[in-house]
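This is what each chain is made of:
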Amino acid sequence: MKTQLFSPYTIGQMQLRNRISVPPMCQYQAIDGKATTWHKVHYGKLAGSGAGLVCIEATAVTPDGRITGSDLGLWSDELAGYFAEIVQTMKAIDPTTKVAVQISHAGRKASERAPWLGGHLLAEEGGWEPVAPSAVSAGGDAPTPREMLPGGIEATIQAFANAAERAQRAGVDAIEIHMAHGYLLHQFLSPISNLRTDEWGGSFENRTRLPLAVFDAMKKAAPNVEIGVRVSATDWIEGGWNLKETLELVESLKERGCAFVDVSTGGLHSSQKINVSYGYQLPFARAVRLQTGIPTIACGLIKDARQAESVLVEGTADLVDVGRQMLLNPHWGWQAALELGEKVDFPPSYVRGMHR
């Protein structure tokens, strides 16, 4: 019997050969937003990993929307040319692998060093002033951002739309809008980070106004690709963004033509209380899938093929994100097929290594 993990799945017009998804994982190897040889090699390997869908890392819509000075960007046509080389490489390695990109603005979590260097960039090191819905830091030693003016918010919506158009032109099959992990759109959603008293803050309707406006603008700018979102289903903080609000947001997105939801949690503030263990995020994905019916991707410490298969068999999600394990083993998908006794077409050049 064919496994769930290696059964095909369709999202809108995008036909996936299996249910394995590689989530966006920042590499911090870009130069002034430009993709480098690192990206082409890295994503070329993932395109040949056996996954049905591979999502390119968080790619910034503006220079000040980068997490670090080494993030990918799509804020100009020049950068779009470099980005297109990643997509072309991936499709050359395996034309059956679908390619997505995560479009993002870091908000108050911008101007940081790469994780292995730690800390925040100072102005003399090429740093810049982060922006956010309100002048409230993310806790710890995080700097206080500058509150965005209404004109800046409108400009950000246009920046997301422009990035979507460039991504479509570069040849991606899907776009994931980053509304999670404490970045700008999540900052607007949460009452902990959004203290505004104008039309962009306060009520649920006002806090969701920017994320929904961004979705609408991107959908209009890139009508030929499937557009979905990544959400943090809870802040893990009392009084913060929660599952109930997430479900309401997803319903609104679904009405607007949202193609899929990648369900994660947390990342907003240093005070979050998370008991990290296998499956700790799966109940949130299950709730989104069962209560909204939207194609759902589950993530979080999924390491082996049988774990991934169980997520699908139990009806928790439609696709499974496999991230860190793909970094360790870029052929995880083919290995999973062997472990589950699944018959798939291995790349001819690798067949000798695929026998048990």
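Residues numbered from 1 in each chain as written. Predicted model: local features only at pLDDT ≥ 70, side-chain atom pairs only at ≥ 80, totals over all residues. Heavy atoms only, no water.

Caption draft 1: Examining the nonpolar core more closely. Of all hydrophobic cores here, the largest spans 81 residues; its most connected members are Ile56, Ile175 and Ile177. The dominant element in this core, judged by the number of residues it contributes, is helix 3 (residues 150-170), at eight residues. Ignoring sequence-local partners within four residues, the contact set of Ile56 consists of Pro24, Tyr43, Leu72, Phe83, Ile86, Val87, Met90, Val99, Ala100, Val101 and Gln102. In terms of nonpolar packing, the next biggest core, distinct from the first, is built from 12 residues, Tyr9, Ile11, Cys55 and Phe260 among them. (Core = buried A, V, L, I, M, F, W, Y, C linked by side-chain atoms within 4.5 Å. Buried < 20%, exposed > 50% of the residue type's maximum accessible area, 1.4 Å probe, protein only. Helix = DSSP H or I, 4+ residues; strand = E, 2+ residues; numbered from the N terminus. Contact = heavy atoms within 4.5 Å.)

Caption draft 2: Inspection of the packing of helix 3 against helix 6 (residues 209-221) at higher detail. Close contact between helix 3 and helix 6 brings their axes to 8 Å; oriented N to C, the two are set at 35°. In this structure, the crossing between helix 3 and helix 6 has a hand that is right-handed. Between helix 3 and helix 6, the residues in contact are Ile153, Ile157, Phe160, Ala161, Ala164, Glu165 and Gln168 and Leu210, Ala213, Val214, Ala217, Met218 and Ala221, respectively. (Axes fitted to C-alpha atoms, helices over the stretch in contact; angles between N-to-C directions. Left-handed = near helix turned anticlockwise from the far one by under 90°.)

Caption draft 3: Geometry of helix 6. An ideal rise of 1.5 Å per residue puts 18 Å on 13 residues; helix 6 measures up with 18 Å between its terminal C-alpha atoms. Where helix 6 is concerned, the buried positions are Leu210, Pro211, Leu212, Val214, Phe215 and Met218. (Expected span 1.5 Å × (residues − 1).)

Caption draft 4: Focus on the packing of helix 9 (residues 305-313) against helix 11 (residues 332-339). At a closest axis distance of 9 Å, the pairing of helix 9 and helix 11 adopts a crossing angle of 80°. Considering their axes alone, helix 9 and helix 11 lie roughly perpendicular with respect to each other. On helix 11, the residues touching Ala305, Arg306 and Ala308 of helix 9 are Trp332, Ala336 and Glu339. Class assignment for the residues of the contact of helix 9 with helix 11 results in four nonpolar, no polar and two charged. (Parallel < 35°, antiparallel > 145°, perpendicular 65-115°, else oblique. Nonpolar A, V, L, I, M, F, W, Y, C, P; charged D, E, K, R; others polar.)

Caption draft 5: Broad picture of the packing of aromatic side chains. In this structure the tally under the stated criterion is four aromatic pairs. Members of the aromatic cluster, each reached through a chain of ring pairs, are Trp236, Tyr280 and Phe284. Over the ring of Tyr183 we find Lys109, and its NZ or CZ is 4.6 Å from the ring centre. (Phe/Tyr/Trp six-rings, centres within 6.5 Å; stacked < 30°, edge-to-face > 60°. Lys NZ or Arg CZ within 6 Å of the ring centre and 35° of its normal.)

Caption draft 6: Main features of the layout of surface pockets. Quantified by volume, the largest pocket comes out at close to 1400 Å³. Residue lining of the largest pocket: 50 residues in total, with Tyr28, His181, Tyr183, Arg230 and Arg324 positioned closest to the centre. Within the lining of the largest pocket, the residues separate by chemical class into 22 nonpolar, 20 polar and eight charged. If you trace the second largest pocket, you find 19 residues lining it, with Arg17, Asp94, Thr96, Trp334 and Asp345 closest to the centre. Counted by class, the lining of the second largest pocket contains eight nonpolar, six polar and five charged residues. (1 Å grid on protein atoms, 1.4 Å probe; cavity = no way out; pocket = protein on both sides within 12 Å on 5 of 7 lines; lining within 4 Å. Points joined across faces, edges and corners; volume = space filled by probe spheres on them.)

Caption draft 7: Expanded view of the pairing of strand 10 (residues 226-232). Across the seven residues that make up strand 10, a large majority, seven, are buried. Residues Glu226, Gly228, Arg230 and Ser232 line one face of strand 10 and the alternating positions Ile227, Val229 and Val231 line the opposite face, and both faces are buried. Bridge count between strand 9 (residues 174-179) and strand 10: six bridges; the pairing is parallel. The partner of Ile175 across the bridge, within strand 10, is Ile227. Of the pairings in the sheet, the one linking strand 10 to strand 11 (residues 261-264) comprises four bridges and is parallel in character. Bridging from a neighbouring strand, Arg230 pairs with Asp262 of strand 11. One crossover worth recording links strand 10 to the parallel strand 11 by way of helix 7 (residues 243-255), and it is right-handed. (Pairing = 2+ DSSP bridges. Right-handed = clockwise from strand over helix to strand, strands pointing away.)

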